[in-house]
Amino acid sequence: MNSLLQYLYHLPYFRKAVYHMPTSENDMPHNSLPLALQSLFYKLQYSRTPASTKDLTKSFGWSTMDAFMQHDVQELNRVLCEKLEDKMKGTRVEKVINELFEGHTFNFIECLNVEYKSSRRESFMDLQLDVKGCANIYDSFDRYTQVEVMEGENQYRAEGHGLQDAKKGVLFDDFPPVLQLQLKRFEYDFQRDSMVKINDRYEFFDELDLDKDNGKYLSPQADRSVRNLYKLHSVLVHSGGVHGGHYYAYIRPDGKNWFKFDDTGVTVEDQHKALDEQFGGEDEPTPAGGPLQPVQGPVQEGGDQIGMAGGKRLGGLKFTKFSNAYMLVYVRVSDWNRVMIPVTKDSIAVYLRERLEAEQREKEKRQKEKQEAHLYCHVRIATDADIAEQVGKSQWFDLVDYDRLPPSRTFRVRKLTLFSDFKKQVASELGVSVDQQRFWVWQKRQNKTYRPTARLKADEEKAMIVDLREHREMVHNTAKHALMDLRLYLEIPWPQDTKVQQPNRQDINLFFKYYDPYTEQFKYIGHRYVAKHFRIQDLFQLLAKLAGLSQDTPLQAYEEIKWDPTVMVESLEPSITISTAQLESGDIIVYQKAVPAAPPQGPDASRAMSKGVIDGAGPDGMEVEQGEQQQQQQQQQQVLQQPQPGRQQQLQTDQQ
């Protein structure tokens, strides 16, 4: 397919027609053949990197498997042209395919002994020429137009005359400006009962004169004023055997210089390479005992493959060339300048050019990012606003799912960037001043939970991003996925009118969620710095206020422990201290209104809390497993610490 597309691209008249095919803004290349081909040609013309044909093959309706299967060039050419011709109907380029490639034959039958003639005119987009038994391209045309005598058992039944001796033949009414010649290199061998490739020597020429011998290939009604002299434009080569191989092309875009197009490789070649070496046949033998010389492929004799011989020629043996021309493209000399018109960006509709240029810029940007990926890392930050957005909707346990964060929370940063400079970037994009930013690192605990446990230290904030490698999150432990992914919790005032919290050195940072067992609503309340000597109940007035409850509302509090393999939360005895409860920074406290031992009846209270969160059915307001009940009983038996002086005063100050 690549060689065919290269040849079609290097017909500028055809390329310009493709650019003029109408497409809409809603079309996508993978399901629009015109747009896919436009995009491909644009990339071939203006991109500095090889273009992919993935969208084009998808627009054919091909699966991934179809795209990797070997396809016949002639079949593919016809499918492509038929689809394009159909898409061009009703547009300004409706007749372009026919103008370029369509010719007409004159098929006739003439009785020899009675006055009876029959003829019909047929169109063709390409011609299939015999290779076997033909020394060159003119021999193939002679055979194509050879008159067949129909006699004996093969007599022709003429209308009104019965069986008659007749002559049958094909001539040409006209040839197209671009003549596509398919060489019949493959045929069925009845003796072997299989398809075989014809590697016989077959010569073709730089110029093809189809007016030779006084126009012997032309029909009586053909326009003799048209000079059918053609110049070779492209040679499509098949290298391999009947069961598979490789296609590449030699193309002469300017009519002078030959280029070899072999997938992503393009090289300058001479005419001998493009023509003579693609005739096929056998290499000339060398005398026995002569020096070994390079050959093009498998060692063969009599058409049967017998070995490789290490890519050398053995003295005295002949070797069949397995690379030879399979399709020839000639352009009529008188139409050369019309077909080879210049195609510039002005030849492309403005809306299409803008779209293709944008796609090209995006592709180059992705390629540059890929090349420079080792220089960058991704810093992903989550704020209280992000936690509040997820908790109770998509997140029930823990705090935040980084995969659900908006793109604005991911920063692509050079690894050598100073963290202080990164904070300036955050300030610019999120509108939070540098002095109000506190960054916390996440830690994966043994119970498989992720919690923000420690603030970045002052010396870490003065370092470069790459120096924070011990905090990075490695998604995969392979070199392919070794890009550093740094995940941070950004503590900023939330809501925005909240004052910046000023913690003491010994305070810990706790996160709070509120659950209403009657409405089954679950939401994130925020975080607070808490002294370790506080009792759980000392937090209740503040927590009630944050939840919009009266400050004397009785509450029940629980600590989130783990969720895998089963959800586990522990009831917190109100009278114990933060220290006794063994709470630390990053821990999550879930609280609710205190409910009676037997919860009220009704539709709002009859359902248990889903997603593994608090249920109001237990004696202490939640459903627990047997092991958890034992833990709670042990906690209740602990000696409660007495309140310390000044504790309530500190809490009231924090509420203010």
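Let me begin by describing the structure that accompanies this report. This is a predicted model, so every value here is computed, not measured.

Definitions and cut-offs
- Residues numbered from 1 in each chain as written.
- Predicted model: local features only at pLDDT ≥ 70, side-chain atom pairs only at ≥ 80, totals over all residues.
- Heavy atoms only, no water.
- Helix = DSSP H or I, 4+ residues; strand = E, 2+ residues; numbered from the N terminus.
- Expected span 1.5 Å × (residues − 1).
- Buried < 20%, exposed > 50% of the residue type's maximum accessible area, 1.4 Å probe, protein only.
- Contact = heavy atoms within 4.5 Å.
- Axes fitted to C-alpha atoms, helices over the stretch in contact; angles between N-to-C directions.
- Parallel < 35°, antiparallel > 145°, perpendicular 65-115°, else oblique.
- Nonpolar A, V, L, I, M, F, W, Y, C, P; charged D, E, K, R; others polar.
- Pairing = 2+ DSSP bridges.
- Salt bridge = Lys/Arg side-chain N within 4 Å of Asp/Glu carboxyl O.

Moving on, we get to helix α3 (residues 33–46). Taking 1.5 Å per residue as the helical rise, α3 with its 14 residues ought to reach 20 Å, and the 20 Å between its terminal C-alpha atoms agrees with that figure. Across the 14 residues that make up α3, a large majority, eleven, are buried. Within α3, the full set of buried residues consists of Leu-33, Pro-34, Leu-35, Ala-36, Leu-37, Gln-38, Ser-39, Leu-40, Phe-41, Tyr-42 and Lys-43. For α3, the secondary structure elements touched by its buried residues are α1 (2–9), α2 (12–19), α4 (54–59), α6 (73–88) and α12 (350–371).

Attention now moves to the packing of α3 against α6. Put simply, α3 and α6 touch, their axes get as near as 10 Å, and they point 115 degrees apart. Here α6 runs roughly perpendicular to α3, going by the angle between their axes. In contact with Leu-33, Pro-34 and Leu-37 of α3, α6 contributes Leu-80, Lys-83, Leu-84 and Lys-87. For the contact of α3 with α6, the per-class residue count stands at five nonpolar, no polar and two charged.

The next subject is the sheet that holds strand β1 (residues 103–111). Taken in spatial order, the four strands line up as β2-β1-β7-β4 in an open sheet, and their pairing is antiparallel. Lying at the two open borders of the sheet, with one neighbouring strand each, are β2 (117–124) and β4 (148–150). Direction aside, the axes of adjacent strands within the sheet are offset by 25 degrees on average. Here eight bridges tie β1 to strand β7 (residues 166–174), and the two strands are oriented antiparallel to one another. Bridge pairing in β7 links Phe-108 to Gly-169.

In the structure shown here, the tally under the stated rule is 37 salt bridges. Salt-bridge contacts for Glu-461 lead to Lys-423; the nearest nitrogen and oxygen are separated by 3.0 Å. Of the two residues, Glu-461 is situated in helix α15 (residues 458–461) and Lys-423 in helix α14 (residues 419–430); the sequence distance between them amounts to 38 residues. Residue classification places Glu-461 among the buried residues on the basis of a relative accessible area of 17%. On the accessibility criterion, Lys-423 (8% relative accessible area) is buried. Residue Lys-513 is joined to Glu-560 by a salt bridge in which the shortest nitrogen-to-oxygen separation is 2.8 Å. Of this pair, Lys-513 sits in strand β24 (residues 508–516) while Glu-560 is found in strand β26 (residues 555–562), placing the two residues 47 residues apart along the sequence. Considered together, Lys-513 and Glu-560 belong to a single accessibility category, that of buried residues. A single salt-bridge network, built from bridges that share partners, covers Asp-398, Arg-445, Arg-451, Lys-513, Glu-560, Glu-584 and Asp-587.

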